[in-house]
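Here are the chains, one letter per residue:
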Amino acid sequence: MSRLVDLEHSLTGFSESIPSRVFRFPILFDDPLARAAIDEYITTLRNSAVYLPDNVEYVAKANGLENSSVIKKSLASCRQLVVGISFLAGMPFMLPLDPRYVNP
Amino acid sequence: MTGGLVTTCTVVKADFWRLGQCRPGDTIHFKRISWESALRLRQRTEHYLSSVKDGETVSLVDVSLPDEWEDTVLARIPKTPTTGEVVFRQSGDSYLHVTYGPMVSSALTRALVQYRVKRVQDMNDIIEVTGAVRCKSEQPTALTDSISRPIRSACDNSEIPHVTLGGPRAQSHRIFRVNS
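From a predicted model like this one, the values you see are computed outputs, not experimental measurements. (Residues numbered from 1 in each chain as written. Chains lettered and ligands numbered in written order. Predicted model: local features only at pLDDT ≥ 70, side-chain atom pairs only at ≥ 80, totals over all residues.)

1. What to know about the overall build of chain A
From N to C terminus, chain A includes 4 helices and 2 strands. Put simply, chain A runs from its N terminus to its C terminus through helices and strands in the order α-α-α-α-β-β. For 104 residues, the compact-globule estimate of 2.2 N^0.38 gives 13 Å, and chain A exceeds it by more than 25% at 19 Å. Dimensions along the principal axes, computed over C-alpha positions, put chain A at roughly 55 × 30 × 25 Å. Taking contacts inside chain A between residues at least 6 apart in sequence as the whole, the part at least 24 apart equals 24%. (Helix = DSSP H or I, 4+ residues; strand = E, 2+ residues; numbered from the N terminus. Rg over C-alpha atoms; globule rule 2.2 N^0.38 Å. Contact = placed C-beta atoms within 7 Å.)

Given below as structure tokens:
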């Protein structure tokens, strides 16, 4: 325990780069396939939840935004750092590299 | 242990087997205990298991609970111009849980955590360290030597790297099943 605290005290600056790779993915919002998947979810699993019927709208609301356009703009125009994969199967856990953008 | 979501309590290793016995509809009651108590309970469980293994006659498992408990926060480092407040917490009976700054995730904080994870990995008595979005978890060997072997073979998944984000009030709690 004391060694961990000592380590913390010894790290004053932060000048190291972290190795990373850049991937570019096309992204679609409100596309027919996603819409069909949500409809199937509503029909077969549950028909009411805070994130239904539009989970991007829900993210906007949870972040105190009027509508989802800011979220979409943030995802599409800011580079995201992937810090984890498959917390939800196949999905990245991303943080915007520019703090001015919304972090949903 | 969770995949990064805030938890209010952590089941101690001594009771993993009881958690494994729970079925849908069962009632779970948590009780706050101390780290010392958690280690004693683990020894009790392991002693029982080794008795069974050795073919000795065993009585019913003792499931009485200790009353003492302690604060989970082990150390705090005040915030600096580059780092938010760092808080070290007990995480279950085998892990330390370290959080950086307020409950907000950012790429910068994650990078800061990664910077530390690399250094902790080089310490020779740390079994594993896992960086999460805002925290890192460490398992020092001192907590697992000798007393954990039998239970580890039965129900421990500590070979799989996992993340503990304990949240601000993570405590070592004890779990038991209520027969109703």
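Text resumes after the structure shown.
2. Observations concerning the overall build of chain B
Of regular secondary structure, chain B possesses 4 helices and 8 strands. Ordering the α and β elements of chain B from the N terminus gives β-α-β-α-β-β-β-α-β-β-α-β. With 180 residues in all, chain B has 32% of them scored as buried. Counting only contacts in chain B whose residues sit at least 6 apart along the sequence, the fraction spanning at least 24 positions is 69%. (Buried ≥ 20, exposed ≤ 12 C-beta atoms within 10 Å, placed from the backbone.)

3. Re the environment of T82(B)
All names here are of chain B. Within the fold, T82 resides in the loop between β3 (73-77) and β4 (86-91). Using a count of 11 C-beta atoms within 10 Å as the deciding quantity, one classes T82 as exposed. In the structure, T82 is positioned 27 residues away from T109 in sequence and 9.8 Å away in space, judged by C-alpha atoms.

4. Some words on the environment of W35(B)
Among the secondary structure elements, W35(B) is positioned in helix α2 (residues 35-53). Expressed as a C-alpha distance, the spacing of W35(B) and S91(B), which sit 56 residues apart in the sequence, is 9.5 Å.

5. A look at the packing of helix α3 (residues 55-62) of chain A against helix α4 (residues 69-77) of chain A
Residues and elements named next belong to chain A. Interhelical geometry of α3 versus α4 gives an angle of 100° and a closest axis separation of 8 Å. Taken together, the axes of α3 and α4 lie roughly perpendicular to each other. Contacts between α3 and α4 involve V56, V59 and A60 from the first element and V70, I71 and K72 from the second. (Axes fitted to C-alpha atoms, helices over the stretch in contact; angles between N-to-C directions. Parallel < 35°, antiparallel > 145°, perpendicular 65-115°, else oblique.)

6. A closer look at the confidence of the model for chain B
All names here are of chain B. Per-residue confidence for chain B gives a mean pLDDT of 71, with 69% of residues at or over 70. Counted against residues more than four places away or in other chains, residues 142-180, with its pLDDT under 50, gives 110 contacts. What the predictor reports for the complex is a pTM of 0.70 with an ipTM of 0.74. (pLDDT = per-residue confidence, 0-100.)

7. Focus on the pairing of β4(B)
Residue and element names in this part refer to chain B. Counting buried residues along β4, 5 of its 6 residues qualify, which places the element largely inside the surrounding structure. Pairing analysis gives 4 bridges linking β3 to β4, with the strands arranged antiparallel. Each residue of the ladder has a partner; that of R76, found in β4, is V87. As paired elements, β4 and strand β5 (residues 95-100) share 6 bridges and run antiparallel to each other. (Pairing = 2+ DSSP bridges.)

8. Topic: the nonpolar core
With 9 residues, the main nonpolar core is built from L4(A), V86(B), F88(B), Y95(B), L96(B), V98(B), Y100(B), L112(B) and V113(B). Looking at this core, the elements with two or more residues in it are β4, β5 and α3 (107-121) of chain B. For this core, the element with the highest residue contribution is β5(B), accounting for 4 residues. (Core = buried A, V, L, I, M, F, W, Y, C linked by C-beta atoms within 7 Å.)

9. Comments concerning the interface of chain B and chain A
If you look at the interface, chain B gives 21 residues, while chain A gives 18 residues. For the side of chain B that touches chain A, the secondary-structure elements that each account for two or more residues are β3, β4 and α3 of chain B. Looking at the side of chain B that touches chain A residue by residue, the class counts come to 12 nonpolar, 6 polar and 3 charged. (Nonpolar A, V, L, I, M, F, W, Y, C, P; charged D, E, K, R; others polar.)

10. Considerations on the environment of L33(A)
All names here are of chain A. Within the secondary structure layout, L33 lies in helix α2 (residues 32-44). Among the residues examined, L33 registers 8 C-beta atoms within 10 Å and is labelled exposed. Between the C-alpha atom of L33 and that of L97, which follows or precedes it by 64 residues, the distance is 29 Å.

11. A word on unusual backbone geometry
Residues and elements named next belong to chain A. The omega torsion of the bond from L52 to P53 falls at 0°, within 30 degrees of zero and hence cis. With respect to the helices, strands and loops of the structure, P53 is situated in the loop between α2 and α3. For D30, which is not glycine, the phi dihedral falls at a positive 55°. Within the element layout of this structure, D30 appears in the loop between α1 (2-10) and α2. Taking the number of C-beta atoms within 10 Å as the measure of exposure, D30 has 11 and is therefore exposed.

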